[in-house]
Amino acid sequence: MEQRREGTVTARVGRGDIEIDLAADSAMREAVAELTRGDVNQRLEAAQRLRHAAEALVAELVAEARKKGATWSDIGDTLGVSTQAAHQKYRWVAARSRQS
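Residues numbered from 1 in each chain as written. Predicted model: local features only at pLDDT ≥ 70, side-chain atom pairs only at ≥ 80, totals over all residues. Heavy atoms only, no water.

A closer look at the overall build of the protein
And then number 1: A tally of helices and strands in the protein yields 4 helices and 3 strands.
And then number 2: Order of helices (α) and strands (β) in the protein, N terminus to C terminus: β-β-β-α-α-α-α.
And then number 3: Classification of the 100 residues of the protein by burial places 29% in the buried group.
And then number 4: Contacts in the protein between residues at least 24 apart in sequence constitute 35% of all its contacts with a sequence separation of at least 6. (Helix = DSSP H or I, 4+ residues; strand = E, 2+ residues; numbered from the N terminus. Buried < 20%, exposed > 50% of the residue type's maximum accessible area, 1.4 Å probe, protein only. Contact = heavy atoms within 4.5 Å.)

Spelled out as structure tokens, the structure:
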């Protein structure tokens, strides 16, 4: 992923660029800020929230990539997993975005 403009991250998936505004994800920003505060349990909770926010972000980007024509192979390559693993983990995202 590369930074294009402040608060926006752009990733290339397959043949297209996918852009997401990180400023819109307050849960992620808050969790990142809390990683250096408090005791170890508070930091662990913040890391857990960050992980959930990151997983939601990946799912959102997978849906956008599929809408823009990326194949499961493209997505798997980008995520560092097999085509089958990408499809199995995120097929629900693609099915949900087709219904919208």
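A closer look at the pattern of salt bridges
And then number 1: Taken as a whole and judged by the stated rule, the model has 2 salt bridges.
And then number 2: Across the pair E34 and R49 runs a salt bridge, and its minimum N-O distance is 2.1 Å. With E34 in helix 1 (residues 26–34) and R49 in helix 2 (residues 40–67), the pair connects residues that are 15 residues apart, well separated along the chain.
And then number 3: Residue class for R49 comes out partly exposed when judged on its relative accessible area of 34%. (Salt bridge = Lys/Arg side-chain N within 4 Å of Asp/Glu carboxyl O.)

Overview of helix 3 (residues 72–79)
And then number 1: Buried within helix 3 are the following residues: W72, D74, I75 and G76.
And then number 2: At the exit of helix 3 stands G80, carrying a positive phi of roughly 75°.

Observations concerning the nonpolar core
One broad rule of soluble globular proteins: the nonpolar side chains tend to lie buried together.
And then number 1: In this structure, A59, V62, A63, A65, A70, W72, I75, A86, Y90, V93 and A94 together form the largest nonpolar core, which totals 11 residues.
And then number 2: Those elements that provide at least two residues to this core are helix 2, helix 3 and helix 4 (83–99). (Core = buried A, V, L, I, M, F, W, Y, C linked by side-chain atoms within 4.5 Å.)

Some remarks on the environment of R29
And then number 1: The residue R29 is located in helix 1 in this model.
And then number 2: Under the relative-accessibility criterion, R29 is labelled partly exposed at 49%.

Concerning the environment of A86
And then number 1: With respect to the helices, strands and loops of the structure, A86 is situated in helix 4.
And then number 2: Residue A86 is classed as buried on the basis of its relative accessible area, which comes to 1%.
And then number 3: With 10 residues separating them along the chain, A86 and G76 place their C-alpha atoms 5.1 Å apart.
And then number 4: The residues touching A86, leaving out its near neighbours within four places in the chain, are W72, I75, G76, V81 and R91.

A short note on the confidence of the model for the protein
And then number 1: On average, residues of the protein score 78 in pLDDT, and 68% of them are at 70 or above.
And then number 2: For the protein, the element scoring lowest by mean pLDDT is strand 1 (residues 2–5), at 47; helix 3 scores highest, at 96. (pLDDT = per-residue confidence, 0-100.)

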